[in-house]
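# Structural description and commentary
Listed below are the residues making up each chain.
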Amino acid sequence: MPRAPAAASEGKEIDMKMIMAVIKPFKLDEVREALTELGVQGLTVTEVKGFGRQKGQTEIYRGAEYQVNFLPKVKIEVAVADPVAARVVEAIQKAAATGKIGDGKIFVYELTSAVRIRTGETDAEAL
């Protein structure tokens, strides 16, 4: 039976990170390739909509101008061992950058527990 995710409260050092990046959709393949080169073995991709500082954009459709408040983005989530987290963040940043507004953001969270459902492996072994 897997142990409960109480590692942080027991004073155990966190040795895993969850990295979430929100990027422009056309940059997904470049980011995936960069992560594969680092040895990242799995990631989750979700199509999302959102806005940041650009606050949407104005478009014209059939002669009528309208405001698009939420822009299409892709959210990537990848769980990694702590020693490679900084390299993963750097790879995502380099691969996703266009130099223009709306390139996205990367968030890094402490991951206190992970369980591979098939084998019951836990924590870093489950990644």
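See the structure above.
The shown structure was predicted, so the numbers you read here are calculated from the model rather than taken from an experiment.

### Describing the side chain of K27
Here K27 shows up in the loop between β1 (16–23) and α1 (28–37). Discounting residues that sit within four places of it in the chain, K27 has contacts with A95, A96, A97 and T98.

### Overview of the packing of α1 against helix α2 (residues 82–96)
Where α1 meets α2, the closest approach of the two axes is 8 Å, and the angle between their N-to-C directions is 150 degrees. Taken together, the axes of α1 and α2 lie roughly antiparallel to each other. Here the hand of the crossing between α1 and α2 comes out right-handed. Contacts between α1 and α2 involve E30, V31, A34 and L35 from the former and V88, A91, I92, A95 and A96 from the latter. Tallied by class, residues from the contact of α1 with α2 come to 8 nonpolar, no polar and 1 charged.

### Considerations on α2
A rise of 1.5 Å per residue sets the reference length of α2, with its 15 residues, at 21 Å; its end C-alpha atoms lie 21 Å apart and thus fit the reference within 8%. Of all the positions in α2, only A85, V88, A91, I92, A95 and A96 are classed as buried. Down the axis of α2, the buried set is contained in an arc of 135 degrees. They therefore lie on one face. Along α2, exposed side chains directed more than 90 degrees from the buried face belong to P83, A86, Q93 and K94. The inward-facing, buried residues of α2 abut β1, α1, β5 (71–81) and β6 (104–110).

### Details of the sheet that holds β5
The strand order across the open sheet formed by 4 strands is β2-β5-β1-β6, and the pairing between neighbours is antiparallel. Each of the sheet's edge strands pairs with one partner strand only, and the pair in question is β2 (44–50) and β6. Neighbouring strand axes in the sheet, compared pairwise and without regard to direction, differ in orientation by 20 degrees on average. Looking at chain direction, β1 and β6 are connected through 7 bridges and run antiparallel. Following the sheet pairing, A21 is matched in β6 by I106. Most of the contacts of α1 go to β5, to which it runs at about 10 degrees, and overall it touches β1, β2 and β5.

### Some words on unusual backbone geometry
The bulk of non-glycine residues show a negative phi, and the bulk of peptide bonds are trans. The residue D123 is not glycine, and still its phi comes out positive at about 55 degrees. Following the sequence through the fold, D123 ends up in the segment after β6.

### Quick look at the pattern of salt bridges
One pass over the structure, following the stated rule, counts 5 salt bridges. K17 is paired through a salt bridge with D82; the nearest N and O atoms lie 3.9 Å apart. In this pair, K17 sits in strand β1 while D82 sits in helix α2, placing the two residues 65 residues apart along the sequence. Under the relative-accessibility criterion, D82 is labelled partly exposed at 30%. Between E90 and K94 there is a salt bridge, and its shortest N-O distance comes to 3.0 Å. Here the residue E90 and the residue K94 both occupy positions in helix α2, the gap between them amounting to 4 residues, near one helical turn. Judged by relative accessible area, E90 falls into the partly exposed class, the value being 40%.

Quick notes on the rules
- Residues numbered from 1 in each chain as written.
- Predicted model: local features only at pLDDT ≥ 70, side-chain atom pairs only at ≥ 80, totals over all residues.
- Heavy atoms only, no water.
- Helix = DSSP H or I, 4+ residues; strand = E, 2+ residues; numbered from the N terminus.
- Contact = heavy atoms within 4.5 Å.
- Axes fitted to C-alpha atoms, helices over the stretch in contact; angles between N-to-C directions.
- Parallel < 35°, antiparallel > 145°, perpendicular 65-115°, else oblique.
- Left-handed = near helix turned anticlockwise from the far one by under 90°.
- Nonpolar A, V, L, I, M, F, W, Y, C, P; charged D, E, K, R; others polar.
- Expected span 1.5 Å × (residues − 1).
- Buried < 20%, exposed > 50% of the residue type's maximum accessible area, 1.4 Å probe, protein only.
- Arc of directions from axis to C-beta.
- Pairing = 2+ DSSP bridges.
- Salt bridge = Lys/Arg side-chain N within 4 Å of Asp/Glu carboxyl O.

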